[in-house]
Amino acid sequence: MNQPTTKKISSALISVYHKDNLEPIIKKLNSLGVKLYSTGGTLKFIESLAIEVTAVESLTSYPEIFGGRVKTLHPAIFGGILNRRNNESDVIEKSTHNIADIDLVIVDLYPFESTVASGASEEDIIEKIDIGGISLIRAAAKNFNDVLIISNRNDYTFLLELLETKNGFSDLNDRRLLAAKAFANSSHYDTVIFNYFNEQHKLPYFKQSINQLNALRYGENPHQKGFFCGNLDEMFTKLNGKELSYNNLLDVDAAVSLIADFDLPTFAILKHNNACGIASANTIVQAYNLALAADPVSAFGGILITNREIDEAAAIEINKLFCEVVIAPSFSEKSMELLKSKPNRILLKQNKVALSQTSFRTLLNGVIMQDKDLLTETEKNLTFVTNVQPTAQEISDLLFANKIVKHTKSNTIVLAKNGQLLASGTGQTSRVDALKQAIAKATSFNFDLKGAVMASDAFFPFPDCVEIADKAGITAVIQPGGSIKDKESINYCNAHNMAMMFTGIRHFKH
């Protein structure tokens, strides 16, 4: 039995949670003479438009039961959707059981994800697990040869245009496209539900789903395609500038993670995911100027971030620098006027959003996943291992430097003084090389390392690093400890009046 690929929509089942923008579709279907079936609140909504609609109970001869938990789960409904119009056996059975065709299904699912995000009770959350809706979506999508499925209110505009341009008909490409979208929506919905339950049970499955895919100009390099999966508008309010690039996003992510560890007014400048300048001070303009001084060369084209409002004084200084992105919790009106003078400069107001506490990335033929490094040491985590005790200022600087180490590519050494990054050695294959790089960089910008402190992301396997640091003028060291030769480093510090503290926590970052 051959069938045309173009199908006329003669009947529609409509059962939705959100009624926004539904009215034009109802009216269009009515004008096309489409027979409407509906349930519950959607039925009442259609009736309020003075449009004829048939309750599904008239098809099933069975009322809604269990507080609406069971409405459409019936052979008369699913038979109307799933019967194959070109299958002789199906046609005979359909006639035998007096089953009416359903050519269009419009369903959206109970808002499970937003209910979880709202902090609702488990009872409310469980009631937002859709059963009938998800079944209708899968059934209609499976039978895309005959049935058109609208599974999300975001497709209402598409449906209305289709009804208007094709006068109530759909072709196979339309139906197959919307079937693909339907399975994307249903699989996402199931993934969200699974992850909710798995918060407690931690079953060994990796399941992630993000419904928004945003094409970027390109990936890490122009010959690579790039996409961002997620809702950036939730994370930031964009106030100015061009679209964020793939590399911008990597830097922005690193910047947001870094600044989250600081409570005092702090400004950071990042390049290639590492801080080339960061400082804490009494005011944001002071913090910015100190951060810039750490490496004014690398700061060119960098990503700027602060944990305080950017005022006019800070904006005047920032405006002197070519930078790609500026991120802050807020901007004063005058600072906005200044910073918007560069039309391509991206200004982002950071919103308060709960971020995932896990990270993952593809690797080889699979994915690796881990808890994010969210541990930030305080003074109570420190073990004093040398005869010389650090001063209060040195302790403050050591903790400051240790926060930077946590967010810098390994192997890394960070040098700091008076709440200012002086220099860092980043991404070196040798810890000694990282230290030498940091010292050379600090010296090139005329920093006096006498009285500075040093932080390391991992233990010192030999005492060579503390010896080199001592000869450069560094007086205090913070490191995880744990080397079989820790005693040699401690002995060197004791012999040369250096203070050293262990944290017991390694902060590798690759």
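Above this text sits the structure in question.
The text that follows walks through the structure, step by step, so that each part is easy to find. Model, not experiment: these values are computed from the prediction.

This paragraph deals with helix 4 (residues 75–82). Of all eight residues that make up helix 4, six are buried, and the element is covered over most of its length. Along helix 4, the positions that sit buried rather than exposed are Ala76, Ile77, Phe78, Gly79, Gly80 and Ile81. In this structure, the buried side of helix 4 is in contact with strand 2 (11–15), helix 3 (57–60), strand 5 (104–107) and helix 8 (132–142).

For the coordinates displayed, the defined rule picks out nine aromatic pairs. When the ring of Phe112 is compared with that of Tyr196, the centres are 5.7 Å apart and the planes differ by 85°; the resulting orientation is edge-to-face. With Phe112 in helix 6 (residues 112–117) and Tyr196 in helix 10 (residues 172–201), this pair connects stretches of sequence that are 84 residues apart. For the pair formed by Phe112 and Tyr196, the shared burial category is buried. Seen from their ring centres, Phe267 and Tyr288 are 5.1 Å apart, and the 70° between their planes marks the pair as edge-to-face. One end of the pair, Phe267, is in strand 11 (residues 266–271); the other, Tyr288, is in helix 13 (residues 284–294), with 21 residues separating them in the sequence. In terms of burial, Phe267 and Tyr288 fall into one category: buried. Feature note: the residues Phe112, Tyr189, Tyr196 and Phe197 constitute an aromatic cluster, connected by ring pairs. Just above the ring of Phe158 sits the side chain of Lys181; from NZ or CZ to the centre is 5.8 Å. Here the basic side chain of Lys403 rests over the ring of Phe262, its NZ or CZ set 5.0 Å away from the ring centre.

It is the contact of helix 1 (residues 23–31) with helix 9 (residues 156–165), at a shortest axis distance of 10 Å, that shows an interaxial angle of 25°. Here helix 1 lies roughly parallel to helix 9, going by the angle between them. Considering only the axes of helix 1 and helix 9, their crossing is left-handed. Touching Pro24, Ile25, Lys28 and Leu29 of helix 1 are Tyr156, Leu159, Leu160, Leu163 and Glu164, all from helix 9. In the contact of helix 1 with helix 9, the residues fall into seven nonpolar, no polar and two charged.

With that settled, the discussion passes to the sheet that holds strand 2. Overall, parallel pairing links the five strands, which are arranged 4-3-2-5-6 in an open sheet. Whereas interior strands pair on both sides, the edge strands pair on one side only; in this sheet they are strand 4 (54–55) and strand 6 (148–150). Of the strand pairs in this sheet, strand 2 and strand 5 are connected by four bridges, and their pairing is parallel. Each bridged residue has a counterpart across the sheet, and for Leu13 the counterpart in strand 5 is Val105. The strands touched by helix 8 are strand 2, strand 5 and strand 6; relative to strand 5, the strand with the most contacts, the crossing angle is about 145°.

Looking at the element boundaries, Glu377 is found in the loop between strand 17 (366–371) and strand 18 (383–384). A polar contact is formed between the side chain of Glu377 and the side chain of His507, at a distance of 2.8 Å. Those residues in contact with Glu377, other than ones at most four positions away along the chain, are Leu399, Asn402, Thr503, Ile505 and His507.

Along the chain, Ser359 falls in strand 16 (residues 358–363). For the pair Ser359 and Gln370, spaced eleven residues apart in sequence, the C-alpha separation works out to 5.6 Å. Apart from residues no more than four positions distant in its own chain, Ser359 is found in contact with Ile368, Met369, Gln370 and Lys372.

Of the volumes computed, that of the second largest pocket is approximately 490 Å³. Elements with a contribution of two residues or more to the lining of the second largest pocket: helix 2 (40–48), helix 7 (122–127) and helix 8.

We now examine the side chain of His507. If you trace the backbone, His507 turns up in the segment after strand 23 (499–502). Residue classification places His507 among the buried residues on the basis of a relative accessible area of 1%. Here the side chain of His507 touches Asp373 through a polar contact of 2.6 Å, side chain to side chain. Those residues in contact with His507, other than ones at most four positions away along the chain, are Asp373, Leu375, Glu377, Asn402, Val405, Lys406, Ser410 and Asp457.

With that out of the way, let us pick up helix 19 (residues 486–495). Taken together, the buried positions of helix 19 are Asp486, Ser489, Ile490, Tyr492 and Cys493. An end-on view of helix 19 places all buried positions within 160° of arc, on one side of the element. Exposed residues lying more than 90 degrees from the buried face of helix 19 are Lys487 and Ala495. Contact partners of the buried residues in helix 19: helix 18 (464–472), strand 22 (476–479) and strand 23.

Next up on the list: the nonpolar core. Judged by nonpolar contacts, the single largest core of 53 residues is most densely connected at Ile14, Leu29, Leu36, Ile81, Leu104, Val105 and Ile106. If one sorts the elements of this core by residue count, helix 10 sits on top with seven residues. Apart from residues lying up to four places away in sequence, Leu36 is in contact with Ala12, Ile14, Ile26, Leu29, Ile46, Ile51, Glu52, Val53 and Thr54. Counting 39 residues, the second-largest nonpolar core is a separate cluster that includes Ile303, Ile478, Ala499 and Met501.

This part takes up unusual backbone geometry. Each neighbour pair has its own omega, and for Ser410 with Asn411 the value is -10°, a cis peptide bond. For His272, which is not glycine, the phi torsion reads 50° and is therefore positive. Even without being a glycine, Leu364 presents a positive backbone phi close to 50°. When its relative accessible area of 84% is taken as the criterion, Leu364 is described as exposed.

Where helix 4 meets helix 8, the closest approach of the two axes is 8 Å, and the angle between their N-to-C directions is 30°. By the angle between their axes, helix 4 is roughly parallel relative to helix 8. Residues Ile77, Phe78, Ile81 and Leu82 of helix 4 form the contact with helix 8, whose own contacting residues are Gly132, Ser135, Leu136, Ala139, Ala140 and Lys142.

About the criteria used
Residues numbered from 1 in each chain as written. Predicted model: local features only at pLDDT ≥ 70, side-chain atom pairs only at ≥ 80, totals over all residues. Heavy atoms only, no water. Buried < 20%, exposed > 50% of the residue type's maximum accessible area, 1.4 Å probe, protein only. Helix = DSSP H or I, 4+ residues; strand = E, 2+ residues; numbered from the N terminus. Contact = heavy atoms within 4.5 Å. Phe/Tyr/Trp six-rings, centres within 6.5 Å; stacked < 30°, edge-to-face > 60°. Lys NZ or Arg CZ within 6 Å of the ring centre and 35° of its normal. Axes fitted to C-alpha atoms, helices over the stretch in contact; angles between N-to-C directions. Parallel < 35°, antiparallel > 145°, perpendicular 65-115°, else oblique. Left-handed = near helix turned anticlockwise from the far one by under 90°. Nonpolar A, V, L, I, M, F, W, Y, C, P; charged D, E, K, R; others polar. Pairing = 2+ DSSP bridges. Polar contact = N/O pair within 3.5 Å; in protein donor to acceptor, adjacent residues only side chain to side chain. 1 Å grid on protein atoms, 1.4 Å probe; cavity = no way out; pocket = protein on both sides within 12 Å on 5 of 7 lines; lining within 4 Å. Points joined across faces, edges and corners; volume = space filled by probe spheres on them. Arc of directions from axis to C-beta. Core = buried A, V, L, I, M, F, W, Y, C linked by side-chain atoms within 4.5 Å.

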